[in-house]
Amino acid sequence: MFKNFLKGLKDVCDDLMDSNVGEELKKAGRELKAQLLQEDESSGATQTTSGESSTTTINATTATVSRPANTETAAVLETSDDECALAVPAEDGERGEFTCLNEKTYSYLIPKDPGFVDEGDCGAAEIHQAYGFGREINYERDAVFYFSIAPEFDCEIKESRAKAAYSRYDSAPTRSKLMTVDHPLFTHAYLFETPKKYRITYLKQLGEYELLGCELILRKSGGDDAWKAKMIEEFKRLAGSCREV
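Predicted model only: the values in this text are computed from it and were never measured. (Residues numbered from 1 in each chain as written. Predicted model: local features only at pLDDT ≥ 70, side-chain atom pairs only at ≥ 80, totals over all residues. Heavy atoms only, no water.)

**Student:** Describe the packing of aromatic side chains, and please don't skip the residues or the numbers.
**Tutor:** The geometry of an aromatic ring pair is captured by the separation of the ring centres together with the interplanar angle, meaning the angle of the planes. Enumeration over the complete set of coordinates arrives at 15 aromatic pairs. With a centroid separation of 6.0 Å and 35° between ring planes, the pair formed by Phe98 and Tyr108 is classed as tilted. Taken together, the positions of Phe98 in strand β1 (residues 95-99) and Tyr108 in strand β2 (residues 105-109) put the pair ten residues apart, joining distant regions of the chain. Note on accessibility: Phe98 and Tyr108 belong to one class, buried. Through a chain of ring-to-ring contacts, three or more aromatic side chains come together here, namely Phe116, Phe133, Phe145, Phe186, Tyr202 and Phe235. The ring centre of Tyr198 lies 4.1 Å from the NZ or CZ of Lys228, which sits over that ring. (Phe/Tyr/Trp six-rings, centres within 6.5 Å; stacked < 30°, edge-to-face > 60°. Helix = DSSP H or I, 4+ residues; strand = E, 2+ residues; numbered from the N terminus. Buried < 20%, exposed > 50% of the residue type's maximum accessible area, 1.4 Å probe, protein only. Lys NZ or Arg CZ within 6 Å of the ring centre and 35° of its normal.)

**Student:** Just give me the short version of the side chain of Ser241, but keep the residues and values in it.
**Tutor:** Looking at the secondary structure, you find Ser241 in the loop between α4 (225-240) and β10 (243-244). A polar side-chain atom of Ser241 sits 2.8 Å from the main-chain amide nitrogen of Leu109. With near-sequence residues (within four places) excluded, Ser241 lies in contact with Pro89, Arg95, Ser107, Tyr108 and Leu109. (Polar contact = N/O pair within 3.5 Å; in protein donor to acceptor, adjacent residues only side chain to side chain. Contact = heavy atoms within 4.5 Å.)

**Student:** Quick rundown of the pattern of salt bridges? Include the residues and the values.
**Tutor:** Scanning all chains against the criterion turns up 19 salt bridges. Its salt-bridge partner being Arg95, residue Glu91 comes within 2.7 Å of it at the nearest N-O pair. Taking the relative accessible area as the measure of exposure, Glu91 reaches 48% and is therefore partly exposed. A salt bridge links Glu193 to Lys220, with the shortest nitrogen-to-oxygen separation between them at 2.6 Å. Taken together, the positions of Glu193 in strand β7 (residues 188-193) and Lys220 in the loop between β9 (210-219) and α4 put the pair 27 residues apart, joining distant regions of the chain. (Salt bridge = Lys/Arg side-chain N within 4 Å of Asp/Glu carboxyl O.)

In structure tokens form, the structure reads like this:
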């Protein structure tokens, strides 16, 4: 109601400006008219700003709803400690070779202990080359080394997928840890341990749909701590010596 009154007064002021009245009255009319115009402009600007704010809020909400959820947050990985650190060994033995799906060939030092058995690809498409040591129980030896496409990682170096797969194989882990390694070929190491099994996997991303993995699987019933240390030493020699031909 007050706004209508002011607009009416504004019209009266317009009429007064056109009439032959005294200069003081004209001056008062001009000042009042200018004040009313300023008030109208301020009111319009407030409405525009309010509308823009509302639109921005709606657009932000829509963007949030349409954006796919990130199911796994990238973690900052620590560098491997002595347990999984990998070095390039001295050239002190015969080398073997295998070819990956990307048609690149890699070579490595063959295990030097005569107790290792060359298992080839074990009749599995995902394995490039494997070696076994010790007793064979349920088609698995006490110690197994192999190069593969690391199928448990499903083409991505993430802990969650491998942990879920290995847990199905071997039960829930007592330790599960993905780390980085300083090596000319391999970039990551994954440690997975249960009361009965011990695993280390070295990993290299070869492409969007291919990984190279070098894995150790130890059955803890296979021997004492000295035997375990010997197997790990042999495995690190094999993995550390791996390189593209």
